[in-house]
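# Working through the structure, step by step
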Amino acid sequence: LGNPIQQCGDAFELKSDFNLAAYRAHILSLLDNHVLRFSDISLLTGDDRRDRIRRFITLVFMDNDREINLQQHGDDLLIRRGGDEAYAEG
C-alpha cells in the first residue's frame, strides 16, 4: 500500500519552483502607482498556462495582504495599489 502522505505528495507534485516573491516583485514593478490589467502582466516563465496560474495565486495573496485591490472587469482583472496596512488587524 505504501505511505499515503508520500503518495499524495507524488500525486500533487508538492515540490515546486514557484517563487511567490519573484512574482510579487514583477507585478509591483509593472504596477507602479497605476492601474494594471491582469492580461497585461508579462510572463516570467515559458509555460503560459502555469505562469498565468502563478500570477493569479500571487495576486490573491497580495489582495489578502491589502497590497493591491482586485476588481473584475469583464473577462479581465483590474489591479490597483492597495493601502500599506498589511495585516493591520494582526
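Placed above this text is the structure.
What this report covers is the structure whose coordinates are included nearby. Model, not experiment: these values are computed from the prediction.

## Structural notes on the packing of aromatic side chains
- All told, the structure shown has 1 aromatic pair when counted by the stated rule.
- Here Phe18 and Tyr23 contribute two aromatic rings whose centre-to-centre distance is 5.5 Å and whose plane-to-plane angle is 55°, an arrangement assigned as tilted.
- With a relative accessible area of 4%, Tyr23 lands in the buried category.
- Against the face of Phe38 rests Arg55, its NZ or CZ located 5.3 Å from the ring centre.

## Topic: the sheet that holds strand β2 (residues 68-73)
- The strand order across the open sheet formed by 3 strands is β1-β3-β2, and the pairing between neighbours is antiparallel. Looking at strand neighbours, the two that pair on one side only are β1 (36-37) and β2, the edges of this open sheet.
- Here 6 bridges tie β2 to strand β3 (residues 76-81), and the two strands are oriented antiparallel to one another. Looking across to β3, one finds that Gln72 is bridged to Leu77.
- Across the sheet, helix α2 (residues 20-31) lies against β1, β2 and β3, angled at about 80° from β3, the strand it touches most.
- Along the sheet, helix α3 (residues 48-64) contacts β2 and β3; its crossing angle with β2, the most-contacted strand, is approximately 125°.

About the criteria used
All residue numbers refer to positions counted from 1 along the written sequence of the respective chain. Where local features are concerned, this predicted model is filtered to residues with pLDDT of at least 70; where side-chain atom pairs are given and counted, the filter is 80 or more; whole-chain, interface and lining totals use all residues. The side-chain numbers reported here are obtained from all heavy atoms of the structure, hydrogens and water having been left aside. Between 30 and 60 degrees the pair is tilted, below 30 it is stacked and above 60 it is edge-to-face, where a pair is any two Phe, Tyr or Trp rings, Trp via its six-membered ring, whose centres lie within 6.5 Å. Note on classification: 1.4 Å probe, protein chains only; a residue is buried when its accessible area is under 20% of the maximum for its type, exposed when over 50%, partly exposed between these limits. Note on criteria: charge over ring means Lys NZ or Arg CZ within 6 Å of the ring centre, with the direction from the centre no more than 35 degrees off the ring normal. Pairs of strands are assigned from DSSP output, requiring at least two bridges between the strands. Secondary structure is summarised from DSSP: a helix means a run of H or I of at least four residues, a strand means a run of E of at least two, and numbering begins at the N terminus for each. Contact criterion: two residues are considered in contact whenever any of their non-hydrogen atoms come within 4.5 Å of each other. Note on method: axes are straight lines fitted to C-alpha atoms, helices fitted across the in-contact stretch only, with angles between N-to-C directions ranging 0 to 180 degrees.

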